[in-house]
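# Structural overview
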Amino acid sequence: MEQLLEILRELHPETDFEKETALVDHGILVSFDIVMLITRIEEEFDVVIPAKDITPAHFNSAKSLYALIASLEEQDD
Amino acid sequence: MLFTSWAFLLFLAVLVPLYYLVPKRVQWIVLLLANAVFVGFAGLTGAIYLTATIVTVYLATRAIDALFRKQKETIAAMKATHTKEERKKARLGFERKRRIVLIACLCVNVGILFVLKYGAAIGRLSASLLHTPAFGQELALTMGISFYTFSSIGYLLDVYRETVETQKNPFKLALFISFFPLLVQGPISRYDILGEQLLAPHTFSGERFLSGALRITWGYWKKLIVADRLLVAVKALCARPQVYCGDFVFVEMLLYAACLYADFTGGIDITIGIGEWFGVTVEENFFRPYFSKNISEYWRRWHMTLGEWFKRYVYYPLSVSKPMRMLSQKSRKLGVGVSRRLPVYLATLLVWALTGVWHGSNWTFLVWGLLNGIVILLSEECKPLYARFHARFPRLTESVFYRGFTVIRTVLLLSSLRLLDCYATVKDAFGAFFSMFTTWNWGAVFRGGIQSLGLSWADYGVALFGVLAMFALSMAQRKAPIRKRIMAHGTTASVCVLLVLIGTILVFGRYGFGFDAGQFIYNRF
């Protein structure tokens, strides 16, 4: 989780990612950020995020995003 | 049948009572028949194209669904008897078949749209390049084809991604694809949002009817008092770029910004209000767009359903696609920053080129789309610079003055780009834009100039009053939806507001004999 928070903070240092639960709905993460974020996550976690999983529900909080990464890692196993 | 025709009002006057008088289980059939009547009024050709989309999307989604089920059964049966590799091979076989069905259906539907929208333009282009006679002829675009094709493709892709349940009844699917209020100019609706709502039984609610009536009337108010009035002047300005240059172009930018806003949001207000009359919540397409502080924000608040559609079905899949990933890896030698940016930047430009092309086959639209993309990318690149500026001058950048400046800057930037929408050629649009910096003719503008555009001073006065009313309403909407606040004052107050709106339309609206209340601007897209 800490690794993910670091990536998120690189994008938006001003945001408290541990508390924010509407990153997409509040316009903090916009489409541009999301794609950059996916590139970083794929590099760091060695997972592939498919297009169908790019939804506000998955990207609205660090917690939901981490859950997505964990489920993708599980699928790979 | 135009929204602004008496025939349409009569159509609604018959349909709404009928919808609530029939048994609830057949309400959706009444809506479907209403769609057929609405489409039938627009002509047989349009009905044929629409039917082709419904049939092909229905067959494709049923086939994809069947392949999913067969895959699950087959893989389950293979579990005890086959190796993991063999099961993977079988799964890939099913995936390939689904992809073939998907691509075939996409080809048919995008193909229809492509031929209708761009056939003649491609004919003209090839003729000019190859010096041969032009092939293809201008085909009349059928009503709402860009909107229902996109909604249908969205549903098809959602089924392919297994994010929605497949609709097994072709008539129920037909109801979603052909829902008549959306055929005029959208919004581009999603099946998971609209599909079930259209099929659900609805009980009449006087409060909802009144609320819907307020929204519809406000839509007509904007369209008939502001949009149709200002469009006369905008058309006159665009028709003679050599005469109306310099400061006339600045006037045109402002008039077109107000006109397009009143026209498009007015049409969507009518659509959403009609939806409410049938108990259906149609997606919002605008969120006070002219209050945006930059162009990216503006595009998240203007024609939101088109932006969402492109994001969901083109931008994200393209950005994370295999070729983009490979490109990103190959560009690593140019630096990490470049390799990370390349897929995003390419996808952004492609999506903006497509957004431009979606609006029409003219080169002006492609250039408009690409310029929007370039401005967005430049703003992204300048973000660190902005951050430094904000950190250096925090009091200034948090002031109302600075926020006002960013809003005005965004409106002017967008209005400049929209000149490409006004003129017939890219050359005319750029010529008009640059003439603002070389020709100073405010004198000519106010000494008879703007009176020669088909509107009187009284017309400009009414339009200005309309613009101020729209502005005031947008400001008021910041706290809470204005309709809720009106409705909270009770039925009598709401009816009074409704009557005032209708009264002002009757006095100041452009309608009736001698006027041609036009089609909505976005209907041509």
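Please read all numbers here as calculations on a predicted model, not as lab measurements. (Residues numbered from 1 in each chain as written. Chains lettered and ligands numbered in written order. Predicted model: local features only at pLDDT ≥ 70, side-chain atom pairs only at ≥ 80, totals over all residues.)

### Section: the overall build of chain B
Broken down by element type, chain B carries 22 helices and zero strands. For a compact globule of 525 residues, the expected C-alpha radius of gyration is about 24 Å, and chain B comes in at 25 Å, within 12% of that figure. Dimensions of chain B, computed from C-alpha atoms along their principal axes, come out at roughly 90 × 70 × 60 Å. When burial is assessed residue by residue, chain B has 34% of its 525 residues classed as buried. In chain B, 74% of the contacts between residues at least 6 apart in sequence involve partners at least 24 apart. (Helix = DSSP H or I, 4+ residues; strand = E, 2+ residues; numbered from the N terminus. Rg over C-alpha atoms; globule rule 2.2 N^0.38 Å. Buried ≥ 20, exposed ≤ 12 C-beta atoms within 10 Å, placed from the backbone. Contact = placed C-beta atoms within 7 Å.)

### A few points about the overall build of chain A
Tallying secondary structure elements over chain A gives four helices and zero strands in all. Secondary structure elements in chain A, listed N-terminal to C-terminal, are α-α-α-α. Taking 2.2 N^0.38 as the reference for a compact globule, 77 residues should give roughly 11 Å; the C-alpha atoms of chain A span a radius of gyration of 11 Å, in line with that estimate. Principal axes of the C-alpha set define a box for chain A whose edges measure 35 × 25 × 20 Å. Within chain A, the proportion of its 77 residues that are buried is 23%. Within chain A, contacts between residues at least 6 apart in sequence are counted, and of these 61% link residues at least 24 apart.

### Some words on the interface of chain A and chain B
Every contact between the two is made by twelve residues of chain A and, on the other side, 16 residues of chain B. Class assignment of the residues belonging to the side of chain A that touches chain B gives a composition of eight nonpolar, three polar and one charged. (Nonpolar A, V, L, I, M, F, W, Y, C, P; charged D, E, K, R; others polar.)

### Describing the packing of helix α9 (residues 247–277) of chain B against helix α17 (residues 400–422) of chain B
Residue and element names in this part refer to chain B. The N-to-C vectors of α9 and α17 enclose an angle of 90 degrees; their axes lie 9 Å apart at closest approach. With respect to α17, the axis of α9 lies roughly perpendicular. Facing Glu252, Met253, Leu254, Tyr256 and Ala257 of α9, the residues of α17 in contact are Val411, Ser415, Ser416, Arg418, Leu419 and Cys422. When grouped by side-chain class, the residues that make up the contact of α9 with α17 number seven nonpolar, two polar and two charged. (Axes fitted to C-alpha atoms, helices over the stretch in contact; angles between N-to-C directions. Parallel < 35°, antiparallel > 145°, perpendicular 65-115°, else oblique.)

### Thoughts on the domain arrangement of chain B
Residues and elements named next belong to chain B. Domain boundaries assigned for chain B yield domain 1 (13–204), domain 2 (205–282 + 423–525) and domain 3 (296–418). In this assembly, 17 residues from domain 1 lie in contact with 18 residues from domain 2. Those elements giving two or more residues to the side of domain 1 that touches domain 2 turn out to be α1 (6–21) and α7 (191–199). The element best represented in the side of domain 1 that touches domain 2 is α7, accounting for three residues. (Domains from an automatic or database assignment.)

### A few points about the nonpolar core
Residues and elements named next belong to chain B. Judged by nonpolar contacts, the single largest core of 122 residues is most densely connected at Leu156, Leu230, Val234 and Cys259. Looking at this core element by element, the count peaks at 17 residues for α9. Discounting chain neighbours no more than four positions away, the residues touching Leu156 are Val57, Ala60, Thr61, Leu102 and Cys105. (Core = buried A, V, L, I, M, F, W, Y, C linked by C-beta atoms within 7 Å.)

### Section: the packing of helix α3 (residues 44–78) of chain B against helix α5 (residues 145–160) of chain B
Residues and elements named next belong to chain B. Taken N-terminus to C-terminus, the directions of α3 and α5 make an angle of 5 degrees; their axes are 9 Å apart at the nearest point. Judged by the angle between their axes, α3 and α5 are roughly parallel. When α3 is examined against α5, the residues Tyr49, Leu50, Thr53, Val57, Ala60, Thr61, Ile64 and Asp65 are found in contact with a partner set consisting of Ile145, Tyr148, Thr149, Ser152, Tyr155, Leu156, Val159 and Tyr160. Class assignment of the residues belonging to the contact of α3 with α5 gives a composition of eleven nonpolar, four polar and one charged.

### Things to note about the confidence of the model for chain A
Averaged over chain A, the pLDDT score is 87; the fraction of residues at 70 or greater is 97%. Across chain A, the element-wise mean pLDDT spans from 86 in helix α2 (residues 31–45) of chain A up to 92 in helix α3 (residues 56–59) of chain A. (pLDDT = per-residue confidence, 0-100.)

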